[in-house]
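Geometric and topological summary
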Amino acid sequence: MLDLIIRNGRIVTASEILPAGLEIGVKDGKIAVIGIGLDAGPDTEVVDAEGAYITPGGVDSHAHIEQDNSPTGDTWETGSRSAIAGGNTTVLAFASQRRDETSIKPCVERYHAKAGSNSYCDYGFHVIVTNATYAVLEEDLPSLAADGITSVKLYMTYLPLRLGDGDLFSIMMAARQLGVTTMVHAENHDMVDQIAKRLAARGHTQTQFHAVARPQIAETEATYRAISLAEVTDAPILLVHMSAPAALEHVRAAQAHLLPIHAETCPHYLYLTSQKLHSHSYDEIDGAQHICAPPLRHDKKDLEQLWAELANGTYTVVSSDHAPSLYDHPNGKKRGFVVAEDGTKTVDFRVVPNGVPGIETRLPLLFNRTYDPEVGPPASEDAPVHISLPRFVALTSTNPAQLYGLAHKKGSLQPGLDADIVIWYPEATKSGSSSTVLTPSSSTESVASPSPFLITNSMLHHCIDYTPFEGMSVRNWPRYVFLRGRRVWDRDNGGVLGQPGDGEYLPRTKSRILTGQLGRTVTGMAYGERKAWA
Ligand code: DUC
Ligand code: ZN
């Protein structure tokens, strides 16, 4: 007898929207069957989706939760609660090695203890490597991979975290052997540092100069360098939170050569411009709410190009990069107020914690620009780019699950996998014109949707005192969320129904490569030349 049946929805997979009438049957937390006319027993919970789209639970593969360097951010309890309320059933967060630690095992234990029995959703960790000792490369990475941690994150910027090219090279060599995906934050540190110092020398330290200090070319150069290191080491990588169209050209060129180079972006880079970094006055700091790195880009055209790269397949994943800090706190965004000995207060963007919250808004913001492929995207000459609903599912759930070794449990609505299910509100599924289109300036262009959802911080479930998306409207929101077959979110009847501790730790298998392939001859090398040293 089935525990749960969901009827009358439109099931979306990464490749198609399944015919109407198909039902999902769940038993013991797994999807048992997808079929027509499933029999309900006396104890079966039956849910009517009322014609709405049904998508797999979101897999947010890039979130900073309760990290040591973020004293005012979300805890596991609040961050994962917010995740669930935004349709995510899996979160991959970070365990960060301290620079003086010669091993990465202690940090993994520390972060396990933090998540422990506090998470509302299933979770796993990527390890941020900041000290690539012999023990890390030869002992810890293999043993962590065997224990189900099959991804690392490396920084090319930030003094406490950044690695030089030699370390990036060695870690990629080790990761490749182990089936571990290397995530790379690509920005040229010295370029950013030089520009920031020169800005400061001229008194340009207000919040809007954050974006001036981190120009697109810093991302583009570092991206090309990371791709070159990945090519020579024959390692699959994912470039995190990419925001610069020119950097994406390097990714596309690498993919065209069948190199396993993956790219990620986040909703803030798709919807917001650097205008948001301007504070209300010279000595105010509200623009700090939008300080993140890479920064929000200047031009709406750049944002539209990112949407095009989502649609054309350059990007593999959309994550939130949820990196929250309280705004109104001396250790949060207001750390950017610098008080001199004489008591005068100035703003310095260089000491503002980087990052924005977004775990709860990721799926609704991306869903906002989707279309049913049977209908096609909204047609008009200057229409912004939209992505198909299957592409939405691929970017937010299926691809991150596959890339990070979770495909055996997560990321798709198919028998045998965990019954992680999102049911959206019913909408006009047969009308391509009935979408609410957001612009970076947050105005609403064509509202024909019956129920646009206005984003305000008061409706969100994180512990942060602002959202960068305040005042924007989206056309839909997860109405019900099921985690392994149990209803944990019912937007209209109780909201969050789950509990801290519902979430289970997810040991992962080897990463799957989703673009390109290993073993390509390195550009300019003779066939087999790598073997002399690799
Ligand atoms: N940039 C990062 O590199 N990490 C967290 C937040 C951010 O903006
Ligand atoms: Zn991040």
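The coordinates are above.
Note that the structure is predicted; figures quoted are calculated from it, not measured.

1. Examining the overall build of the protein chain
Looking only at helices and strands, the protein chain has twelve helices and 24 strands in total. If you line up the protein chain on its principal axes, its C-alpha atoms span 70 × 60 × 50 Å. For the protein chain, buried positions account for 60% of its 534 residues. Expressed as a percentage of contacts within the protein chain between residues at least 6 apart in sequence, the contacts between residues at least 24 apart total 77%. Working note: accessible area of the protein chain is about 19,400 Å², and carbon and sulfur atoms make up 51% of it. A gap of 3 Å separates the mean positions of the 46 positive and 61 negative side-chain charges of the protein chain.

2. Topic: helix α8 (residues 245-256)
Taking 1.5 Å as the rise per residue, α8 with twelve residues should run 16 Å; its terminal C-alpha atoms sit 16 Å apart, in good agreement. Against the buried residues of α8 lie α7 (216-233), β12 (237-239), β13 (261-265) and α10 (300-311). Two residues or fewer after α8 comes Leu-258, characterised by a positive phi angle close to 65°.

3. Structural notes on the side chain of His-185
Of note, His-185 is situated in strand β11 (residues 181-185). For His-185, a relative accessible area of 1% puts it in the buried group. A distance of 2.8 Å separates the side chain of His-185 from the side chain of Glu-187, its partner in a polar contact. Apart from residues lying up to four places away in sequence, His-185 is in contact with Lys-153, Leu-154, Tyr-155, Met-156, Thr-157, Tyr-158, Val-240, His-241, Ala-293 and Pro-294.

4. Things to note about the site of ligand 1
As a structural note, the neighbourhood of ligand 1 is formed by His-64, Tyr-155, Tyr-158, His-185, His-241, Cys-292, Ala-293, Asp-321, Ala-323, Asn-354 and Gly-355. Alone, ligand 1 offers 240 Å² of accessible surface; in the complex the protein occludes 94% of this. Classifying every residue of the shell around ligand 1 gives five nonpolar, five polar and one charged.

5. Remarks on the coordination of the zinc ion (ligand 2)
Of the protein atoms, only His-62 (NE2), His-64 (NE2) and Asp-321 (OD) coordinate the zinc ion (ligand 2), at distances of 2.0 to 2.2 Å. Read N to C, the donor residues that coordinate the zinc ion (ligand 2) are spaced as H-x1-H-x256-D. Across this residue pair, the class does not change: His-62 and His-64 are buried.

6. A short note on the sheet that holds strand β3 (residues 23-27)
On the basis of which strands lie adjacent, the open sheet formed by four strands has the order β4-β3-β1-β5 and mixed pairing. Among the strands making up the open sheet, the edge pair consists of β4 (30-35) and β5 (45-48). Here the average twist between neighbouring strands, direction ignored, is 20°. Summarising the sheet, β3 and β4 pair through five bridges and their orientation is antiparallel. Residue Ile-24 lies in a different strand from β4, and its bridge partner there is Ile-34.

7. Considerations on the pattern of salt bridges
Applying the stated criterion to the full structure yields 32 salt bridges. Lys-114 serves as the salt-bridge partner of Asp-68, at 2.7 Å between the closest nitrogen and oxygen. Here the residue Asp-68 occupies a position in the loop between β7 (58-60) and α1 (76-85), and Lys-114 occupies one in helix α2 (residues 105-115), the gap between them amounting to 46 residues. Residue Asp-68 is classed as partly exposed on the basis of its relative accessible area of 37%. Residue classification places Lys-114 among the buried positions, given a relative accessible area of 17%. Salt-bridge contacts for Arg-479 lead to Asp-492; the nearest nitrogen and oxygen are separated by 3.9 Å. Of this pair, Arg-479 sits in strand β22 (residues 478-483) while Asp-492 sits in the loop between β23 (486-490) and β24 (495-496); the two residues are 13 residues apart in sequence, bridging distant segments of the chain.

8. Side note on the sheet that holds β7
One open sheet holds the eight strands; their spatial order is β7-β8-β9-β10-β11-β12-β13-β14, and the pairing between them is parallel. Since the sheet does not close on itself, it has two edges, and those belong to β7 and β14 (317-318), each with one partner. Relative to strand β10 (residues 151-155), strand β9 (residues 122-128) runs parallel, the two sharing two bridges. Paired with Val-127 across the strands is Val-152, a residue of β10. Against the sheet, α1 makes contact with β8 (88-96) and β9, and its axis sits at roughly 145° relative to β8, the strand it touches most.

9. So, the packing of helix α4 (residues 165-178) against α7
Where α4 meets α7, the closest approach of the two axes is 9 Å, and the angle between their N-to-C directions is 45°. In terms of their interaxial angle, α4 and α7 are classed as oblique. Taken as a pair, α4 and α7 cross one another with a handedness that is right-handed. Side by side, α4 and α7 meet where Asp-165, Leu-168, Phe-169, Met-172, Met-173 and Arg-176 of the first sit next to Arg-225, Ala-226, Leu-229, Ala-230, Val-232 and Thr-233 of the second. Partitioned by chemical class, the residues of the contact of α4 with α7 number eight nonpolar, one polar and three charged.

Rules and cut-offs
- Residues numbered from 1 in each chain as written.
- Chains lettered and ligands numbered in written order.
- Predicted model: local features only at pLDDT ≥ 70, side-chain atom pairs only at ≥ 80, totals over all residues.
- Heavy atoms only, no water.
- Helix = DSSP H or I, 4+ residues; strand = E, 2+ residues; numbered from the N terminus.
- Buried < 20%, exposed > 50% of the residue type's maximum accessible area, 1.4 Å probe, protein only.
- Contact = heavy atoms within 4.5 Å.
- Areas by Shrake-Rupley, 256 points an atom, 1.4 Å probe, with all protein chains shown as cover.
- Lys, Arg positive; Asp, Glu negative; His and termini not counted.
- Charge placed at Lys NZ, Arg CZ, Asp CG, Glu CD.
- Expected span 1.5 Å × (residues − 1).
- Polar contact = N/O pair within 3.5 Å; in protein donor to acceptor, adjacent residues only side chain to side chain.
- Near = heavy atom within 4 Å.
- Nonpolar A, V, L, I, M, F, W, Y, C, P; charged D, E, K, R; others polar.
- Donors = N, O, S within 2.8 Å, 3.2 Å for Na, K, Ca; no water.
- Pairing = 2+ DSSP bridges.
- Axes fitted to C-alpha atoms, helices over the stretch in contact; angles between N-to-C directions.
- Salt bridge = Lys/Arg side-chain N within 4 Å of Asp/Glu carboxyl O.
- Parallel < 35°, antiparallel > 145°, perpendicular 65-115°, else oblique.
- Left-handed = near helix turned anticlockwise from the far one by under 90°.

Everything listed here is a matter of geometry and, on its own, says nothing about what the molecule does.
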